[in-house]
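Summary of the model geometry
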Amino acid sequence: MKEPNRKAVSRRTVLRGAAGAAVLGATPALVRAPALAGAAAVKVGVLLPYSGTYARLGSAITNAMKLYVDQNDGKLGGRSIEFVQIDSEAKPPKAPELTTKLISSHKVDILVGPVHSGVAMGMAKIAREEGTITIIPNAGADQITGALCAPNVFRTSFTNSQPGLACGKPMYEDGMRTAVSCFWNYGAGKQSASGFRESFETAGGKVVKEIGVPFPDVEFQSALTEIASIGPDAVYVFFAGGGAVKWVKDYAAAGLMDRIKLYGAGFITEGVTEAQGEAAEGVRSTLHYADTLDNRENVAFRKAYKKAFGNEADVYAVQGYDTSHLIDVGLTAVSGDTGARDDLIAAMAGAKFASPRGPFQLSKAHNPIQNFYLREVRNGVNEVIRIAVEALEDPAKGCKLS
Ligand code: BEZ
């Protein structure tokens, strides 16, 4: 959360601080002039899904980004913020055209998006070519903070393999020895399942079958029949949004909940427990967030989010909130001067703040280093059981940023 009193810093204090900093040989970011008076709003281009199976994820991210700005009197780094939103529809083929529209037609200063890893691949390619500062508030494509990492691309969420890497050991400790994984068959699902296989088999378990379902299909009957006939100890899944609601209900309706324990990347119960109802009770998952995290920022954030939007916050909202916070850190360091690109990027790369998820800081590849929690749904709430992996860092394979 924002450092106390920072907003109260007056123009004179900044000038005095600048002079003092110059004497002390402080970094250029600290000696900048105060925010550009009368400057136009900083344009933030947002490419998120507002329709389809991931629509609720896009809305939660957007709501929380705006909440953070509202809580700061509509300004970040002294500049007003204007959001330009486009519906990605979670359709990868549309990503290049929509990203270009935000950069070239709307002339945005900063890009935010997307939710879907396939969309992220198209969006990040253009952001890299154009050099536009980009923050990914969800899509976990491992490559983006791996071989395709770039100085101007940041992520406030996770890499797809991380929740899977965190899940194998706790499942084994729960007594599970064989598992089937089932996932939407695109980058995110495959990377999630591969992280899971690595951690579960390292712990001593065996993944006996991997079942991919085309995205965004929610026709799960044949997968459920196959799982029932294999009869593993447990199932690990990657589904989110509308698909997660349907999977959990179908799994329960098929009579599998009591026979084959259901686990997953935390998206399986994130933001959807109300829609899943009784069926979600007892589902265990791993994620970098849980509703019941007992820190000051989380308690305040959940209360403010509920008051503003009438529903409970979730991990997507946290990622949106932290996206605005990261922009705030960058813009504040350059006193709102988006032209000071290198200093803005350096400040964002070095950002450290208290997030509702716990301490927030980025790896050299610009992906959060964060705790992953084992959670269980109890009375409709994703409760923390324990930390599954502490300060898990993205492996960043092939990333050359130093
Ligand atoms: C992804 O496509 O990267 C993704 C989508 C929803 C939840 C998590 C990851």
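Note that this is a predicted model, so its numbers are computed, not measured.

Some remarks on the overall build of the protein
When helices and strands are counted, the protein shows 12 helices and 15 strands. Its C-alpha atoms give the protein a radius of gyration of 21 Å, near enough to 21 Å, the size a compact globule of 402 residues would have. Viewed in the frame of its principal axes, the protein has a C-alpha envelope of about 70 × 40 × 40 Å. Taken across its 402 residues, the protein has 54% of its residues classed as buried.

Quick notes on the state of the cysteines
Throughout the structure, instances matching the rule amount to one disulfide. There is a disulfide in this structure between Cys 149 and Cys 399, and the S-S distance comes to 2.2 Å. The sign of the 90 degrees torsion about the S-S bond sets the Cys 149-Cys 399 disulfide as right-handed. Placement of the pair is Cys 149 in the loop between β5 (133-136) and β6 (153-155) and Cys 399 in the segment after β15 (381-392), with a sequence separation of 250 residues. Of the two residues, Cys 149 and Cys 399, neither departs from the other in class, the shared state being buried. In this model Cys 167 remains outside any disulfide bridge; the closest cysteine sulfur is found in Cys 182, 14 Å from its own.

Observations concerning unusual backbone geometry
Residue Gly 113 is joined to Pro 114 through a cis peptide bond whose omega torsion reads -5 degrees. Topologically, Pro 114 is positioned in the loop between β4 (110-112) and α4 (117-130). For the peptide bond that leads from Phe 215 to Pro 216, omega is 0 degrees, which places it in the cis range. Position of Pro 216 among the secondary structure elements: in the loop between β8 (206-213) and α7 (221-230). Positive phi, normally seen in glycine, also occurs at Ser 335, with a value near 50 degrees. Its location among the elements puts Ser 335 in the loop between α11 (315-333) and α12 (341-349).

Examining the site of the ligand
What surrounds the ligand is a group of 15 residues, the closest being Val 115, His 116, Ser 117, Gly 140 and Tyr 186. Between Val 115 and the ligand, the recorded distance is 3.4 Å, taken from a backbone N or O atom to an oxygen atom. Computed on the free molecule, the ligand has an accessible area of 260 Å², of which 100% lies beneath the protein chains in the complex. Considered class by class, the residues forming the shell around the ligand number 10 nonpolar, five polar and no charged.

Thoughts on the sheet that holds strand β2 (residues 75-76)
The strand order across the open sheet formed by six strands is β2-β3-β1-β4-β5-β6, and the pairing between neighbours is mixed. Because the sheet does not close on itself, it has two edges, and the strands there are β2 and β6. Its contacts with the sheet put α12 on β5 and β6, and the angle it makes with β5 is roughly 20 degrees.

Examining the layout of surface pockets
Taken as a whole, the second largest pocket holds about 440 Å³ of empty space. Forming the walls of the second largest pocket are 24 residues, and the residues nearest its centre are Gly 271, Val 272, Glu 274, Asn 311 and Glu 312. Among the elements that line the lining of the second largest pocket, the one with the most residues is helix α2 (residues 55-71), at five residues. Classifying every residue of the lining of the second largest pocket by side-chain character gives eight nonpolar, nine polar and seven charged.

About the thresholds
- Residues numbered from 1 in each chain as written.
- Predicted model: local features only at pLDDT ≥ 70, side-chain atom pairs only at ≥ 80, totals over all residues.
- Heavy atoms only, no water.
- Helix = DSSP H or I, 4+ residues; strand = E, 2+ residues; numbered from the N terminus.
- Rg over C-alpha atoms; globule rule 2.2 N^0.38 Å.
- Buried < 20%, exposed > 50% of the residue type's maximum accessible area, 1.4 Å probe, protein only.
- Disulfide = S-S within 2.5 Å.
- Near = heavy atom within 4 Å.
- Polar contact = N/O pair within 3.5 Å; in protein donor to acceptor, adjacent residues only side chain to side chain.
- Areas by Shrake-Rupley, 256 points an atom, 1.4 Å probe, with all protein chains shown as cover.
- Nonpolar A, V, L, I, M, F, W, Y, C, P; charged D, E, K, R; others polar.
- Pairing = 2+ DSSP bridges.
- Contact = heavy atoms within 4.5 Å.
- Axes fitted to C-alpha atoms, helices over the stretch in contact; angles between N-to-C directions.
- 1 Å grid on protein atoms, 1.4 Å probe; cavity = no way out; pocket = protein on both sides within 12 Å on 5 of 7 lines; lining within 4 Å.
- Points joined across faces, edges and corners; volume = space filled by probe spheres on them.

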